Amino acid sequence: MLSNTRTLKTDYKQELRSFLNELKNRELNSSINIGLASVRLIKKLIGESKWTTAGELLEILKKEEKNLFECIPTETNVRNVWKRVIKIIKDESVVIEQRNQSKIDSLQGNLFQSNICQNLALSHNELKPIMIEALSEIILELESAVSSIASQSVEHIHENEVIFTMGKSQTVEAFLKNAARKRKFHVIVAENAPYLDGHQVASNLQKVGLDVTLITDSAIFTIISRVNTIIIGTKSIFANGGLKAYTGTHSLALAAKHHNIPLIVCASLLKLSPEYFANTNNLPELLPCDDVLSTDFHPNLTVLNPSFDYVPPELINLFIFNTTKTAPSYVYRLIREMYAIEGDEDELF
């Protein structure tokens, strides 16, 4: 392999260090911001690294992806962006190879349609403008994701209903605020201890005129029978349709299942991951125990503060994405469309 294909300018390395520091210090406060920062990082990598063909660019991206996720194995949304970019390069290689085969007559074309070949010798000059346009489209999709999901709210929230939500989600907040323009309904918000994100969510919803009730997490099962619909966000969606959700969401989902209350998840397509929860990298990171209980309380007491809950797909009724809505059983189809090309499924999963 050519060594000069691996040479990166210091600007990319500085951008990478800045990106990792922002993730570590939780300065990127939403999945959309994380996604946009990931796209900018990839764009700089493509622009500054030395490559002459699509194959060399794929090699660079895969190497950098491996190195990056050794540092941040739990950041599934960042990995999703990288996999989408790799998919775009492979797709464009297939499309251009098919154009090069255009002299084959239509009958032969139909006979050999399933034998897709990738033209990884695609040149820098051919591929670079395609990649710039594709990355711009991903940025546009990310920037418009929240408003696209929110615009669907009136289809799922009806007059005088009681809606329950948990966890601080910019998408869910926008979803409820948009519905409030045309519907009058009541929102119950769990406070989401120990960080009490629900307090800010309740305040934000109350400011737009919604009737809001804030409850403690321990009161969820008591109050849930009065609810019509549960609407939540999530950190990530696994390949089987399960959630990497805010701590406490699993208990909420079990309560909803017990009372036959529909649970709807609002999320951008960015959060769809080709990974499964069984992957050991997806085990919950433990946050500081002092956030739950002071270590001075008892020297022999162990306090666990997991960063997320896993919610199995059978507890979820519907996903609302920025471009579509689907049941958990059909999530795998979206994942294949976003991350795999024909004959490449084994590499994906």
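Each value, and the rule that gives it
- Residues numbered from 1 in each chain as written.
- Predicted model: local features only at pLDDT ≥ 70, side-chain atom pairs only at ≥ 80, totals over all residues.
- Heavy atoms only, no water.
- Salt bridge = Lys/Arg side-chain N within 4 Å of Asp/Glu carboxyl O.
- Helix = DSSP H or I, 4+ residues; strand = E, 2+ residues; numbered from the N terminus.
- Buried < 20%, exposed > 50% of the residue type's maximum accessible area, 1.4 Å probe, protein only.
- Phe/Tyr/Trp six-rings, centres within 6.5 Å; stacked < 30°, edge-to-face > 60°.
- Core = buried A, V, L, I, M, F, W, Y, C linked by side-chain atoms within 4.5 Å.
- Contact = heavy atoms within 4.5 Å.
- pLDDT = per-residue confidence, 0-100.

Here we come to the pattern of salt bridges. Within this structure, the stated rule accounts for eight salt bridges. The shortest N-O distance in the salt bridge between aspartate 91 and lysine 87 comes to 2.3 Å. Placement of the pair is aspartate 91 and lysine 87 together in helix H4 (residues 76-100), with a separation of four residues, close to one helical turn. Residue aspartate 91 is classed as partly exposed on the basis of its relative accessible area of 24%. Look at lysine 87 and you get buried, because its relative accessible area is 10%. Measuring nitrogen to oxygen at the nearest pair gives 3.3 Å for the salt bridge that ties lysine 177 to glutamate 173. Within this pair, lysine 177 and its partner glutamate 173 are both found in helix H7 (residues 170-180), separated by four residues, close to a single helical turn. For glutamate 173, a relative accessible area of 12% corresponds to the buried category. The network of salt bridges with common partners includes Glu65, Arg79, Lys83 and Glu275.

All chains considered together, the criterion is met by five aromatic pairs. Between phenylalanine 277 and phenylalanine 308 the ring centres are 6.4 Å apart and the planes differ by 85°, which places this aromatic pair in the edge-to-face class. Placement of the pair is phenylalanine 277 in the loop between strand E7 (263-266) and strand E8 (309-311) and phenylalanine 308 in the loop between E7 and E8, with a sequence separation of 31 residues. Exposure remark for phenylalanine 277: the relative accessible area of 23% places this residue in the partly exposed category. Classification of phenylalanine 308 as buried rests on a relative accessible area of 4%. Aromatic pair phenylalanine 277 and tyrosine 310: ring centres 4.2 Å apart, planes at 5°, arrangement stacked. In this pair, phenylalanine 277 is assigned in the loop between E7 and E8 and tyrosine 310 in strand E8, connecting sequence segments 33 residues apart.

With that settled, consider the nonpolar core. Counting residues in hydrophobic clusters, the biggest one holds 41 residues, and the most contacted among them are Leu61, Val78 and Trp82. Mapped onto this core, the elements with two or more residues apiece are helix H1 (10-24), helix H2 (31-48), helix H3 (54-71), H4 and helix H6 (124-150). Apart from residues lying up to four places away in sequence, leucine 61 is in contact with Ile42, Leu45, Trp82, Val85, Ile86 and Ile89. In terms of nonpolar packing, the next biggest core, distinct from the first, is built from 36 residues, Ile232, Ile237, Ala245 and Ile316 among them.

This part covers the side chain of asparagine 77. Tracing the chain through its elements places asparagine 77 in helix H4. Setting aside anything within four residues of it in sequence, one finds asparagine 77 in contact with Ser31, Lys235, Ser236, Leu270 and Lys271.

Summing up the model confidence of the protein chain, the mean pLDDT is 84 and the portion of residues at 70 or higher is 84%. Taken together, the stretch residues 1-7 has pLDDT below 50 and engages in twelve contacts with residues farther than four places along the chain or on a different chain. Overall, residues 109-115 carries pLDDT values under 50, and its contacts beyond four positions in sequence, including any with other chains, amount to two contacts.

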